Amino acid sequence: DISLFKKLLRLCLPASYRTFDQADGWYFGGALNQAPEIFLELTQEHVATLTAPAQVIVNTAEAVVNAPDMANVNTRYALIDAPQTDTTGNLFIGGNLTIAGISEGLNGRAMRIRGGIENEGGQIESNGIVLETHRHRYEAGGGITGEPI
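This text gives an overview of the structure that appears in the document. The structure presented is a predicted model; accordingly, all values stated were derived computationally and were not measured. (Residues numbered from 1 in each chain as written. Predicted model: local features only at pLDDT ≥ 70, side-chain atom pairs only at ≥ 80, totals over all residues. Heavy atoms only, no water.)

## A short note on the overall build of the protein chain
The secondary structure content of the protein chain amounts to two helices and four strands. Shown N-terminal to C-terminal, the secondary structure of the protein chain runs as helices and strands in the order α-α-β-β-β-β. Here the C-alpha atoms of the protein chain give a radius of gyration of 34 Å, more than 25% beyond the 15 Å that 2.2 N^0.38 yields for 149 residues. Judged by the C-alpha coordinates and their principal axes, the protein chain covers about 120 × 30 × 25 Å. Residues counted as buried form 3% of the 149 residues belonging to the protein chain. Long-range contacts, defined as pairs at least 24 residues apart, comprise 1% of the intrachain contacts of the protein chain with a sequence gap of at least 6. (Helix = DSSP H or I, 4+ residues; strand = E, 2+ residues; numbered from the N terminus. Rg over C-alpha atoms; globule rule 2.2 N^0.38 Å. Buried < 20%, exposed > 50% of the residue type's maximum accessible area, 1.4 Å probe, protein only. Contact = heavy atoms within 4.5 Å.)

## Notes on the layout of surface pockets
Its boundaries defined by the atoms lining it, the largest pocket holds a volume of some 530 Å³. Contributing to the lining of the largest pocket are M111, I113, R114, G116, I117, E118, N119, G122, Q123, I124, E125 and S126. Estimates place the volume of the second largest pocket at around 460 Å³. Lining of the second largest pocket is provided by L91, I93, L97, I99, I102, S103, E104, G105, L106 and N107. Residue composition of the lining of the second largest pocket, grouped by class: six nonpolar, three polar and one charged. (1 Å grid on protein atoms, 1.4 Å probe; cavity = no way out; pocket = protein on both sides within 12 Å on 5 of 7 lines; lining within 4 Å. Points joined across faces, edges and corners; volume = space filled by probe spheres on them. Nonpolar A, V, L, I, M, F, W, Y, C, P; charged D, E, K, R; others polar.)

## Digging into the pairing of strand β1 (residues 39–42)
In regular strands, side chains alternate between the two faces of the sheet. Examined bridge by bridge, β1 and strand β2 (residues 48–51) share four bridges and lie antiparallel to one another. From the neighbouring strand, E41 faces β2, where its bridge partner is T49. Here β1 folds back onto β2 in antiparallel fashion, the turn holding five residues, of which H46 has a positive phi close to 65 degrees. (Pairing = 2+ DSSP bridges.)

## Quick word on the pattern of salt bridges
In the structure shown here, the tally under the stated rule is one salt bridge. Its salt-bridge partner being R18, residue D1 comes within 2.9 Å of it at the nearest N-O pair. Within this pair, whereas D1 is found in the segment before α1 (3–8), its partner R18 is found in the loop between α1 and α2 (28–31), the two being separated by 17 residues in sequence. Exposure remark for R18: the relative accessible area of 33% places this residue in the partly exposed category. (Salt bridge = Lys/Arg side-chain N within 4 Å of Asp/Glu carboxyl O.)

## Observations concerning unusual backbone geometry
For L9, which is not glycine, the phi torsion reads 55 degrees and is therefore positive. Checked against the element boundaries, L9 lands in the loop between α1 and α2. Assessed through its relative accessible area of 64%, L9 is described here as exposed. Of note in this structure, N107 is not a glycine but carries a positive phi near 55 degrees.

## Examining a nonpolar patch on the surface
Together, L40, L42, L50, V56 and V58 make up an exposed nonpolar region whose accessible area comes to about 530 Å². The topology assignment puts L50 in strand β2. Using a relative accessible area of 52% as the deciding quantity, one classes L50 as exposed. (Patch = residues over 30% accessible without salt bridge, like charges linked within 9 Å, V, L, I, M, F, W, Y side chains within 5 Å. Areas by Shrake-Rupley, 256 points an atom, 1.4 Å probe, with all protein chains shown as cover.)

Okay, structure coming up:
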């Protein structure tokens, strides 16, 4: 009988002559008093926290995260490894945007940029015509204009 030990949390004599009862079972991990490194915490405030110091791996055919108010990812580096990634709302980028491939409008439509473009260290080209060095023919003198100023 370990009922008195559970109450006092120190060594003591058994409270009765009871033996081999399920109520006297003990989980030794709890008795060793070491903080767990990997655990799932479920609170009365309806919050679930999974803690794993090294890595969490989820293997499934499809995963859905429903967070109507906000989903927050706090990390040094995030990788989305998918052949296509869609967003259904506006996308705000608070830092730089680097594009390694082609940027295009949906279904071949023109891409619209609001607010102007600043270019540093490269040239802007459209349909084979370079903005910085292009010239125009003019009718009045039959010649070609100089480069843009």
